[in-house]
Amino acid sequence: MLRGVDLRVTRPRLAVLAAVHEHPHADTDTIIGAVREDLGAVSHQAVYDVLRALTTARLLRRIEPPGSVARYEARVGDNHHHVVCRACGVIADVDCAVGAAPCLDASNDHGFVIDEAEVIYWGLCPDCSTTSTTSTTTTTTSSRKDSRG
């Protein structure tokens with residue numbers, strides 16, 4: 001992959017690629033931790049530099065949902081989107097609509113040549129929606145007991 005985009009194959013680049021493949025949608029701290037487990041001592045700046053190079057070469061994709069730190073993924077080359085949990089922040093991939101990508105047809109492109117659209121769906125993941133339902137039931141039951149005296 002690295003040679004295919006004219007980048008030298010180095011241990012830090014291989015370690016960062018492996019970390020992102022193993023931890024989709026990982027933030028930089030998670031990637032740095034995984035790289036250090038693999039290589040030992042490596043600076044934050046070295047990892048940031050590798051992430052920048054791999055993103056520029058389109059081997060990685062950087063996403064930054066509002067209210068979140070930058071995250072990286074190895075799924076590139078398609079126009080997929082993301083769903084983000086409002087409670088815990090977990091992120092999952094969502095494929096674009098079947099057929100032509102309708103989200104690339106902007107109602108007004110202002111003269112831009114559009115090649116990508118970013119859609120973010122927000123909600124509660126299965127774990128948090130179950131926890132939320134359980135908490136609501138417990139709170140409602142406790143409130144009824146309290147109001148009855």
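The coordinates are above.
Residues numbered from 1 in each chain as written. Predicted model: local features only at pLDDT ≥ 70, side-chain atom pairs only at ≥ 80, totals over all residues. Heavy atoms only, no water.

### So, the packing of helix α1 (residues 11-22) against helix α2 (residues 28-39)
In contact at an axis separation of 9 Å, α1 and α2 are set at 125° when each is read in the N-to-C sense. The angle between α1 and α2 falls in the class oblique. Considering only the axes of α1 and α2, their crossing is right-handed. On the side of α1, the interface is formed by Arg11, Pro12, Ala15, Val16, Ala19 and Val20, while α2 contributes Ile31, Ala34, Val35, Asp38 and Leu39. (Axes fitted to C-alpha atoms, helices over the stretch in contact; angles between N-to-C directions. Helix = DSSP H or I, 4+ residues; strand = E, 2+ residues; numbered from the N terminus. Parallel < 35°, antiparallel > 145°, perpendicular 65-115°, else oblique. Left-handed = near helix turned anticlockwise from the far one by under 90°. Contact = heavy atoms within 4.5 Å.)

### Points about the layout of surface pockets
A volume near 330 Å³ is recorded for the largest pocket. Sorting elements by how many residues they give to the lining of the largest pocket places strand β2 (residues 61-63) first, with three residues. (1 Å grid on protein atoms, 1.4 Å probe; cavity = no way out; pocket = protein on both sides within 12 Å on 5 of 7 lines; lining within 4 Å. Points joined across faces, edges and corners; volume = space filled by probe spheres on them.)

### What to know about unusual backbone geometry
Both trends apply: most residues other than glycine have a negative phi, and most peptide bonds are in trans. Non-glycine residue Asp6 carries a positive phi angle of around 60°. Within the fold, Asp6 resides in the segment before α1. Among the residues examined, Asp6 registers a relative accessible area of 72% and is labelled exposed. One non-glycine residue, His25, lies in the positive phi region at around 65°. Structurally, His25 can be placed in the loop between α1 and β1 (26-27). By relative accessible area, His25 is classed as buried at 7%. (Buried < 20%, exposed > 50% of the residue type's maximum accessible area, 1.4 Å probe, protein only.)

### What to know about the nonpolar core
Core analysis: the largest hydrophobic core is formed by 21 residues, its most contacted members being Val16, Ile31, Val35, Val47, Leu51 and Leu54. For this core, the secondary-structure elements that each account for two or more residues are α1, α2 and α3 (44-56). Considering each element in turn, this core owes the most residues, five residues, to α1. Beyond its immediate chain neighbours, meaning those up to four positions away, Val16 contacts Ile31, Val35, Val47, Val50, Leu51, Leu54 and Leu60. (Core = buried A, V, L, I, M, F, W, Y, C linked by side-chain atoms within 4.5 Å.)

### A closer look at α3
For α3, built from 13 residues, the straight-helix expectation of 18 Å at 1.5 Å per residue is met to within 8% by its first-to-last C-alpha distance of 18 Å. Every buried residue of α3 is listed here: Val47, Val50, Leu51 and Leu54. Buried residues along α3 cover an arc of 100° about the axis, so they all sit on one side. Along α3, the residues that are exposed and aim more than 90 degrees away from the buried face are Arg52 and Thr56. (Expected span 1.5 Å × (residues − 1). Arc of directions from axis to C-beta.)

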